[in-house]
Amino acid sequence: MKTKQLAITACAAALATLSAGASAQISGGSVKIGVLTDLSGTYSDLAGSGAVLATRMAIDDFIAREKPAFKIEMVTADHQNKADIASNKAREWIERENVDTVTELVTTSTALAVMKVAKEKDRIAIMNGPASTPITNEQCNDVTVHYTYDTYALANGTAKAVTTQGGKNWFFLTADYAFGHSLEKDSSAVVTANGGKVLGSVRHPFPGSDFSSFLLKAQASGAQVIGLANAGADTTNAIKQAAEFGITPKQSLAGLLMFITDVHSLGLKPTQGMFLTTGFYWDRNDETRAWSKRFFDKQKKMPTMVQAGQYSSIYHYLKAVKAAGSDDTGKVMAMMKKTPINDFFAKNGQIRDDGRMVHDMYLVQVKKPADSKYPWDYYTIKATIPAAEAFQPLAQSRCPLIKK
Amino acid sequence: MEIFGIPTALLGSQLLVGLINGSFYAILSLGLAIIFGLLNIINFCHGAQYMMGAFVAWIALTRFGINYWVALIAAPLIVGAVGVVIERLMLRRLYKLDHLYGLLLTFGLALIIEGIFRDQYGISGESYDVPELLSSGINLGFMFLPIYRAWIIVASLTVCFGTWYMIERTKLGAYLRAGTENSQMVQALGINVPLLITFTYGYGVALAAFAGVLAAPVFQVNPLMGSNLIIVVFAVVVIGGMGSIMGSILTGLGLGLIEGLTKVFYPEASSVIVFVIMVIVLLVRPAGLFGKT
């Protein structure tokens, strides 16, 4: 099952009303979407099969609502969070199977590898899982869209909120690899900019399991806030052990990258009161609830922001293909950037020239167990961070495509 | 007061935490050492069996309302029984072959078992609460010690030394040791060696499951929880000397302490230190610290 690949062909809703000219612009007569994600490792809950399902739903909904004249196909593969596997697969898909867009790509290393292949072969890459900011800065290119979130938005949301609410002294518990360092760096900058102070940090091996030593150091530092610049099992284990050692609630924790699946697996007892930033919460309004319930019926879990973003980005992509009447990379990218995104995921979302999709983000607080009334009722939305403030401003961009 | 610029209070607490982790290493490497000693099998699915112990405890609690204390006995028995089935159906066929075959088979089994659990329960894992009786903590002055952590040390040391006593000081243990030395001779004396082997494997697996139940309230119960740990535990066994019972216990505890100190002085190296020691030991004493050359 190492390179599990299943190709599902979507039947075309051929409509006689559409001109033959439009469909002739689609290479090979069909639009092919490759979902390259972690189907078996650490990130398979937050992206994984849920992201595949979201893609499937987007394709089915698009066919039912927009009745395109072209066929849409999906292929999927497990990149195992390894950059070499990801780039080889993307290359194989593009060269042999004529895949038009490679999507999802959780973990920064796989994303950066596939971006290069996409640029070289002139195909589109749409990122939903990866978090690091270099994707739209030093490494940016004109065929990549970074859709759901990034470390800048997370730090800017969570670290700012916690610091301005009085959590002035911080200590970081950082996963010792590129993503952890990037998250710590972005968060420290936000803390200092808002009048806070970073007392210290400790870098733990990735992945770790026992965090008690590091937590005791954080405790000894006397910091009010312990910032968790890590993800997945590292974050959940650290939260669990902080409660065990009586560190919380005396000192508070800030989860700098947490997904609803993490909160679900830990339960509300150790996580209550924590602030976190997310691009999507299923229970925000009627629209998000309606979509999420459809997702839940199939997946038996509520969607993470990555999975919701995956649906939204694929739908937006397909709409752009239809509007452009072509699957040509340049034309589709131009159409995707020109058209604002308005759906359950984003309102007036916009893809900038650096590839960053800017949209509102949400600062949420995890509910107390007593306040949670039904399954997956986990968050209270404390603030909506408007698109213009949530993401790195273009003025600070290090992307060569941005002319200043 | 400070030692090398580190406050003694912090040092004390880190040593205690190191000892707790060392207890896990001790109990897991003990199981491996016993299995290797008698079966000549490098049991690579030890980590998966540790994970199964934790999951059985979690399933017992959430599905059937069976509490921690019962699970502490029941989970090792259940997982040990699975081990017996594996031994009877598969491992048995490999004893005459090179070590490598046993390693490959158990490695494959580990991947399959972890895959099944991942498919069923996802990767984020499940939460298992600390049992009510042990949920508080004591202030030792230099640190706040959760009682559960103290219990881990007590429980694992009791089981480790109990096992050592059984093997080194009882008649059953004498049969086991004799079987390791010369199984044909022991068989000729009328002792059912195949049964003894099955029992040994089941017991080794049960030890892993016991450690899994102990770990469930501290770590998130997750399908891959054993896969990272197992590599370190193998290093512990190699350092202690393959097949040495007391060696694996003492090495486990000792390395836990050393790892704890590394986390104080240079945390980035804490995941490597065990392997650095392994390399040095292999160069100086290839049979391990307590192994027979």
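Residues numbered from 1 in each chain as written. Chains lettered and ligands numbered in written order. Predicted model: local features only at pLDDT ≥ 70, side-chain atom pairs only at ≥ 80, totals over all residues.

Asks: So what's going on with the overall build of chain B? Residues and values would help.
Replies: From N to C terminus, chain B includes 11 helices and four strands. Whereas a compact globule of 293 residues would reach a radius of gyration of roughly 19 Å, chain B reaches 19 Å, a difference of no more than 12%. Taken over the C-alpha atoms alone, chain B extends approximately 65 × 50 × 35 Å along its principal axes. Long-range pairs, those at least 24 residues apart, make up 76% of the contacts in chain B with a sequence separation of at least 6. (Helix = DSSP H or I, 4+ residues; strand = E, 2+ residues; numbered from the N terminus. Rg over C-alpha atoms; globule rule 2.2 N^0.38 Å. Contact = placed C-beta atoms within 7 Å.)

Asks: Let's hear about the confidence of the model for chain B: which residues, and what values?
Replies: Summarising the model, chain B shows a mean pLDDT of 90, and 99% of its residues fall at 70 or more. Across the predicted assembly, pTM comes out at 0.84 and ipTM at 0.83. (pLDDT = per-residue confidence, 0-100.)

Asks: Outline the interface of chain B and chain A, listing residues and values.
Replies: Each partner contributes to the interface: chain B provides 30 residues, whereas chain A provides 30 residues. Within the residue set of the side of chain B that touches chain A, elements represented by two or more residues are helix 1 (8-39), strand 4 (144-146), helix 9 (225-240) and helix 10 (245-265) of chain B. With five residues, the single largest contributor to the side of chain B that touches chain A is helix 1 of chain B.

Asks: Describe the nonpolar core, listing the residues and the values that go with them.
Replies: Counting 214 residues, the largest nonpolar core has Val114(A), Ile27(B), Ala54(B), Ala57(B), Ala209(B), Ala211(B) and Val233(B) as the members making the most contacts within it. At 16 residues, helix 1 of chain B tops the list of elements feeding residues into this core. Residues from two domains meet in this core; each of domain 1 (6-149 + 284-355) and domain 2 (152-278 + 361-386) of chain A gives at least three. Excluding its chain neighbours within four sequence positions, the residues that come into contact with Ile27(B) are Ser156(B), Val159(B), Cys160(B), Leu207(B), Phe210(B) and Ala211(B). (Core = buried A, V, L, I, M, F, W, Y, C linked by C-beta atoms within 7 Å. Buried ≥ 20, exposed ≤ 12 C-beta atoms within 10 Å, placed from the backbone. Domains from an automatic or database assignment.)

Asks: Describe the domain arrangement of chain A, and please don't skip the residues or the numbers.
Replies: For chain A, the assigned domains read domain 1 (6-149 + 284-355) and domain 2 (152-278 + 361-386). Tallied by class, the residues present in the side of domain 1 of chain A that touches domain 2 of chain A amount to six nonpolar, five polar and three charged. (Nonpolar A, V, L, I, M, F, W, Y, C, P; charged D, E, K, R; others polar.)

Asks: With reference to specific residues and values, describe the packing of helix 2 (residues 46-64) of chain B against helix 9 of chain B.
Replies: Residues and elements named next belong to chain B. Between helix 2 and helix 9, the shortest axis-to-axis distance is 8 Å and the interhelical angle comes to 135 degrees. By the angle between their axes, helix 2 is oblique relative to helix 9. Note on packing geometry: the crossing formed by helix 2 with helix 9 is right-handed. Of the residues in helix 9, those in contact with His46, Gly47, Ala48, Tyr50, Met51 and Ala54 of helix 2 are Met225, Gly226, Ser227, Leu229, Ile230 and Val233. Residues of the contact of helix 2 with helix 9, tallied by class, amount to eight nonpolar, four polar and no charged. (Axes fitted to C-alpha atoms, helices over the stretch in contact; angles between N-to-C directions. Parallel < 35°, antiparallel > 145°, perpendicular 65-115°, else oblique. Left-handed = near helix turned anticlockwise from the far one by under 90°.)

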